[in-house]
Amino acid sequence: MAGTLIVLEGTDGSGKSTQFERLCRLMAAENRDFQRLVFPQYSEPSSALLKMYLQGEFGSHPSDVNAYAASTFYAVDRYASYKKVWGRFYEDGGLVLADRYTTSNAVHQAAKLPEEERDGFFRWLMEFECGKLGLPEPALVLYLDVPTELAVQNLRRREAERHTTGDIHEVDTGYLRTCRETARHAAQVLGWRTVSCTDASGAMRTVDDIGAEIEALVRTVLDR
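Q: In this structure, what is going on with the sheet that holds strand 3 (residues 95-99)? I would like to understand it.
A: Each strand in a sheet pairs with its neighbour through backbone hydrogen bonds, running either in the same direction (parallel) or in the opposite one (antiparallel). Spatial ordering of the open sheet is given by 2-3-1-4-5, a layout of 5 strands whose pairing is parallel. Two strands bound the open sheet, and with one partner strand each, they are strand 2 (34-38) and strand 5 (193-196). Here the average twist between neighbouring strands, direction ignored, is 20 degrees. Where strand 1 (residues 4-10) lies against strand 3, 5 bridges are found, and the strand directions are parallel. By the bridge assignment for strand 3, Leu-5 is matched with Val-96. Sitting on the sheet, helix 8 (residues 207-222) touches strand 1, strand 3, strand 4 (140-145) and strand 5, and the angle it makes with strand 4 is about 165 degrees.

Q: Would you take a moment to explain the packing of helix 3 (residues 67-91) against helix 5 (residues 115-132) for this structure?
A: A pair of packed helices is characterised by two quantities: the angle between their axes and the separation of those axes. Viewed as axis vectors pointing N to C, helix 3 and helix 5 meet at an angle of 30 degrees, and their least axial separation amounts to 11 Å. Relative to helix 5, helix 3 is oriented roughly parallel. By crossing handedness, the relation of helix 3 to helix 5 is classed as right-handed. Residues Ala-67, Tyr-68, Ser-71, Thr-72, Ala-75 and Arg-78 of helix 3 touch helix 5, and the partners they reach there are Phe-121, Trp-124, Phe-128 and Glu-129.

Q: How should I be thinking about the confidence of the model for the protein in this particular structure?
A: Predicted coordinates in areas of low pLDDT are best not read in detail. Residues with a pLDDT of 70 or more make up 93% of the protein, whose mean pLDDT is 91. When the elements of the protein are averaged for pLDDT, helix 6 (residues 148-162) gives the smallest value, 72, and strand 3 the largest, 98.

Q: How should the environment of Val-152 be read in this particular structure?
A: Tracing the sequence through the fold places Val-152 in helix 6. The residues touching Val-152, leaving out its near neighbours within four places in the chain, are Thr-173 and Leu-176.

Q: For this particular structure, what's the right way to read the pairing of strand 3?
A: Strand residues, when the strand is regular, have side chains that alternate between the two faces of the sheet. Buried residues dominate strand 3, accounting for 5 of its 5 residues. Residues of strand 3 alternate between two faces, with Leu-95, Leu-97 and Asp-99 on one and Val-96 and Ala-98 on the opposite face, all of them buried. Bridge count for strand 2 against strand 3 is 5 bridges, and the pairing is parallel. Paired with Val-38 across the bridge in strand 3 is Asp-99.

Q: Help me understand helix 1 (residues 16-29) in this model?
A: Each α-helix turn comprises 3.6 residues. Residues three or four places apart therefore point the same way. Its 14 residues give helix 1 an end-to-end C-alpha distance of 20 Å, which sits within 8% of 20 Å, the value for a rise of 1.5 Å per residue. Along helix 1, the positions that sit buried rather than exposed are Lys-16, Gln-19, Phe-20, Leu-23, Cys-24, Leu-26 and Met-27. Viewed along the axis of helix 1, the buried residues span an arc of 160 degrees, placing them on a single side of the element. Exposed side chains of helix 1 directed beyond 90 degrees from the buried face belong to Arg-25 and Ala-29. Check the buried side of helix 1 and you find it contacts strand 1, strand 2, strand 3, strand 4 and helix 8. One or two residues past the end of helix 1 sits Asn-31, with phi positive at roughly 60 degrees.

Q: How do you make sense of the environment of Gly-191 when you look at a structure like this?
A: When you line up the elements, Gly-191 lands in the loop between helix 7 (173-190) and strand 5. Once the C-alpha coordinates of Gly-191 and Leu-140 are considered, the two residues, 51 residues apart in sequence, prove to be 8.7 Å apart.

Conventions we followed
- Residues numbered from 1 in each chain as written.
- Predicted model: local features only at pLDDT ≥ 70, side-chain atom pairs only at ≥ 80, totals over all residues.
- Heavy atoms only, no water.
- Pairing = 2+ DSSP bridges.
- Helix = DSSP H or I, 4+ residues; strand = E, 2+ residues; numbered from the N terminus.
- Axes fitted to C-alpha atoms, helices over the stretch in contact; angles between N-to-C directions.
- Contact = heavy atoms within 4.5 Å.
- Parallel < 35°, antiparallel > 145°, perpendicular 65-115°, else oblique.
- Left-handed = near helix turned anticlockwise from the far one by under 90°.
- pLDDT = per-residue confidence, 0-100.
- Buried < 20%, exposed > 50% of the residue type's maximum accessible area, 1.4 Å probe, protein only.
- Expected span 1.5 Å × (residues − 1).
- Arc of directions from axis to C-beta.

Given below as structure tokens:
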């Protein structure tokens, strides 16, 4: 019996990693047997091409590598992970939580395409990764939606705190804005659940407030 795959997705600076860690702590506190995944797997050899891409070795702008080529870099990394790390656990009925997945290609790579070509890319992507490569389809995808201006502020703050520099995705505000538009459309087309990270006034909601909504949505899947 196949397991349950739950994915947290969001543009850079959305607070996704924070919410993913919160969800993992919650599942651990409940003594649930689960496996946690974070993509890409930067410490693994399977990420070699995507690291070269993100570091600008194929071009300094995301559009220097077309959506289909870049998607294969990420897909190979996920395939290696599935075969080596979590495939057997999932196929035996296990719960898998993932910070990013195939969904990230839908957000970041479809953004390179004209609007009229994006739905076709979504179809190709799901057929390629889940059909041809045999990766599991998620039972639930939660998309954390944050206005681009706030996401950029979060990114710059994080870089200052960590003394790091963003990759070619993170430093391109125009690209991030297009990614958000693409993600919102992908959520509608692919059936993701959107979690708005801002309140009615446009201010960021608290971590706990957002986390409570995520928890409620996750339980709708786990309690089936």
